[in-house]
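# An overview of the molecular structure
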Amino acid sequence: MGVSDTRTEIRRFLDRHPLPTPCLVIDVDAVRQRFRELATAFGAAGGARVYFAVKACPEPAVLSALIAEGAHFDVASPGEIDLCLSRGAPATSLSYGNPIKKASAIARAHAAGVREFVCDAESDLDHIAQHAPGAEVSVRLLVDAPDSVTPFGSKFGCEPEVAARLLSKAGELGLDPAGLSFHVGSQQLDVKAWDLAIATAAKVAAAAGGTVRRLNLGGGYAIPYREPAPALTKYAEQAAVSLRSHFGDATPELLIEPGRAVVADAGLIRTEVVLVTRRRAADPRRWVYLDIGRYNGLAEAENEAIAYRVERAGGDRGEPEGPVVLAGPTCDGDDVLYQDTPYQLPLSLQPGDQLDIPGTGAYTASYSSVAFNGIEPLRTYCVSGGRLI
Ligand SMILES: *Cc1c(COP(=O)(O)O)cnc(C)c1O
């Protein structure tokens, strides 16, 4: 089932079951398929364990489907740990990948059975040694990746010399210095980003006394929104080539932590037009206000970083179109989706018309505010085989 089939399936479901808008519908069969595609792509490149980054889509039905597929999980908080365990994930399938954690959160994770942690600073390493004795620790590297669509900047990761020192200190503290990790930025369209990061990892491995047992290639695998993105197989091929050239025969065991690539294409948001109007006489564009905005699902439109497709719900009727600015429904001046990125919508568009925003299975519902302006979090419906689950 391809991406366009998934969209057709979800639209058919919505035709049969009209739901109040805005709503997100996730086709869990498509999630399963994307997970398999990733595992296969990286399997062909030497094999990697796949850790789904829970923050991208913490829907219980999605987690259950992935558990059944044998997925591992990248979790960032006690809340995400509890969620995975409540769906039946073994604690040993969880990696606490957030380098920013309270000592109390480490203790809770350890008590729940989590044995894999990522760190990038000395105090966090000390806390892990104290509250999760003997745990496996990977050190996250600060990587000089080309900018992704939503880059991490300098928020995470340590420089190579620090990483080598943390690995050896982990051993001294009685922890298992399992290896290295990095994340080249989400929606990373440049596959060469992994080459730079893998080269850095190889240098640290050499400095740490030869090689490391484990290398976590992070997430960042992109999906096509309005612009094309490399195929998953291209990322896997690049990783295989870079591993061979920088690690030679001493290839470590591999992990990947995809979030977006597993779930984005499996979701579609249906929204309703609330208002269409012109603002300034000199601006020919119509302002189109939707019942969804940056605070109830489309947070990634911040800085217009992710430019989603926006289409008429009934499909393209070949009507004449004109330029629009797209905005959300709240009273916040920042709740504008796109005013620099050009969008066109039918000239006949009016309040009450419905629009579809495909490719929205990742980083939408999980970013939705609880009650800003009295608007409820984005309602999410999971379907499988065309039926609500
Ligand atoms: C968010 C995150 C991911 C997933 O990133 P994607 O770009 O969605 O693939 C993976 N690992 C870590 C540590 C993360 O914070």
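Each chain has its residues counted from 1, running along the sequence as written. Per-residue local features are limited, in this predicted model, to residues with pLDDT of at least 70; the limit for side-chain atom pairs, both in listing and counting, is 80 or more; totals at the level of whole chains, interfaces and linings are taken over all residues. Just so you know, side-chain values use all the structure's heavy atoms and leave hydrogens and water out.

By the naming in an unreviewed UniProt entry, the protein chain goes by ornithine decarboxylase and is assigned to Amycolatopsis marina. UniProt positions are given in the numbering used here, feature names are shortened, and annotations may be inferred rather than shown by experiment. The protein chain has a UniProt comment under Sequence similarities (unreviewed entry) that states "Belongs to the Orn/Lys/Arg decarboxylase class-II family." What the UniProt record of the protein chain gives under Cofactor (unreviewed entry) is the line "pyridoxal 5'-phosphate".

Note on interface size: it is often stated as the accessible area lost on association of the parts. Delimitation of the domains relies on an automatic or database domain assignment. Per the domain assignment, the segments making up the protein chain are domain 1 (28-263) and domain 2 (264-388). Here the C-alpha centre of domain 2 lies 32 Å away from the C-alpha centre of domain 1. Once two parts are brought into contact, the accessible area they lose, counted with a 1.4 Å probe and summed over both, makes up the buried area. When the two sides are added together, the surface that domain 1 and domain 2 hide from each other amounts to roughly 1,900 Å², 54% of it contributed by carbon and sulfur. When the buried surface of domain 1 facing domain 2 is broken down by residue, Y225, R226 and V263 rank first, second and third, together holding 36% of it. We count a salt bridge whenever a side-chain nitrogen from Lys or Arg sits within 4 Å of a carboxyl oxygen from Asp or Glu. Here R260 makes a salt bridge to E300, at a shortest N to O gap of 2.9 Å. We define a polar contact as two N or O atoms separated by no more than 3.5 Å, with the added condition that, inside protein, one atom must be a possible hydrogen donor and the other a possible acceptor, whereas residues neighbouring each other in sequence contribute only through side-chain atom pairs. Where domain 1 touches domain 2, the interface holds 11 residue pairs in polar contact (both at pLDDT 80 or more). Elements represented by at least two residues in the side of domain 1 that touches domain 2 include exactly α2 (28-44), α3 (60-68) and α10 (260-263). Where helices and strands are cited, they refer to DSSP runs of H or I of at least four residues and of E of at least two residues respectively, numbered from the N terminus. Ranked by residue count, the leading element in the side of domain 1 that touches domain 2 is α2, at six residues.

Turning next to the packing of aromatic side chains. In this scheme Phe, Tyr and Trp rings, the latter by its six-membered ring, pair at centre separations within 6.5 Å, and the angle between planes marks the pair as stacked below 30 degrees, edge-to-face above 60, and tilted otherwise. Across all of its chains, the model carries 11 aromatic pairs by this definition. Geometrically, the ring pair formed by W287 and Y289 is stacked, given 6.0 Å between the ring centres and 25° between the ring planes. Side by side, W287 and Y289 carry an identical accessibility label, which is buried. Aromatic side chains Y363 and Y367 sit 6.2 Å apart centroid to centroid with 40° between the ring planes, which places their arrangement in the tilted category. Taken together, the ring pairs connect F42, W194, Y221 and Y235 into an aromatic cluster. Counting as a charge over the ring demands two things of the Lys NZ or Arg CZ atom: a distance within 6 Å of the ring centre and an angle within 35 degrees of the ring normal. For K101, the ring lying beneath its charged end belongs to Y96, and the centroid distance is 5.6 Å. Here the basic side chain of R226 rests over the ring of Y343, its NZ or CZ set 3.9 Å away from the ring centre. Each residue is placed in one exposure class: buried if its accessible area under a 1.4 Å probe, protein chains only, is under 20% of its type's maximum, exposed if it is over 50%, and partly exposed if it falls in between.

With that settled, the discussion passes to empty space enclosed by the protein. Definitions used throughout: a 1 Å grid over protein atoms alone; a cavity as a set of points that fits a 1.4 Å probe which cannot get out; a pocket as an open set with protein on both sides within 12 Å along at least five of seven lines; a lining residue as one with an atom within 4 Å of a point. Grid points are joined across faces, edges and corners, and a volume is the space filled by probe spheres set on the points. A full pass over the atoms with the stated rule returns one cavity of 30 Å³ or more. By volume, the largest cavity is sized at about 50 Å³. Around the largest cavity, the lining residues are S95, E116, F117, V118, E136, V137, S138, A178, R214, N216 and L255. For the lining of the largest cavity, the elements supplying multiple residues, two or more each, are β5 (116-119), β6 (136-140) and β8 (214-216). All residues other than Ala, Val, Leu, Ile, Met, Phe, Trp, Tyr, Cys, Pro, Asp, Glu, Lys and Arg, Gly among them, are scored as polar; the first ten of these are nonpolar and the last four charged. Here the residues of the lining of the largest cavity are counted per class, giving five nonpolar, three polar and three charged.

This part takes up the UniProt feature "active site" (unreviewed entry) in the protein chain. Taking the numbering used here, the UniProt-annotated feature "active site" (unreviewed entry) corresponds to C331. Note that C331 resides in the loop between β13 (321-327) and β14 (336-346).

Bringing unusual backbone geometry into the picture now. Put simply, T21 and P22 share a cis peptide bond, and its omega is 0°. Inspection of the secondary structure assignment puts P22 in the loop between α1 (3-16) and β1 (23-27). One non-glycine residue, Q187, lies in positive phi territory at about 50°. Positive phi is not limited to glycine here, since N303 has a value of about 55°. Here N303 lies in the loop between β11 (286-290) and β12 (311-312).

Once that is clear, we can look at the site of the ligand. Among the 13 residues in the neighbourhood of the ligand, the closest are listed as K55, S186, E257, R260 and Y363. Between a nitrogen atom of the ligand and a side-chain N or O atom of D74, the distance comes to 3.4 Å. Between the ligand and E257, the relevant distance is 2.6 Å, taken from a nitrogen atom to a side-chain nitrogen or oxygen of the residue. Methods summary: accessible areas were calculated by the Shrake-Rupley approach with a probe of 1.4 Å, and residue burial reflects only the protein chains presented. Compared with its free state, where it exposes 390 Å², the ligand has 93% of that area covered by protein. For a molecule to be placed in a cavity or pocket, more than half of its atoms must lie within 2 Å of the grid points of that cavity or pocket. At a threshold of 2 Å from the grid points, most atoms of the ligand map onto the largest pocket. Tallied by class, the residues present in the shell around the ligand amount to three nonpolar, five polar and five charged. Whether a residue is near a molecule or strand depends on its heavy atoms: it is near if one of them lies within 4 Å of it.

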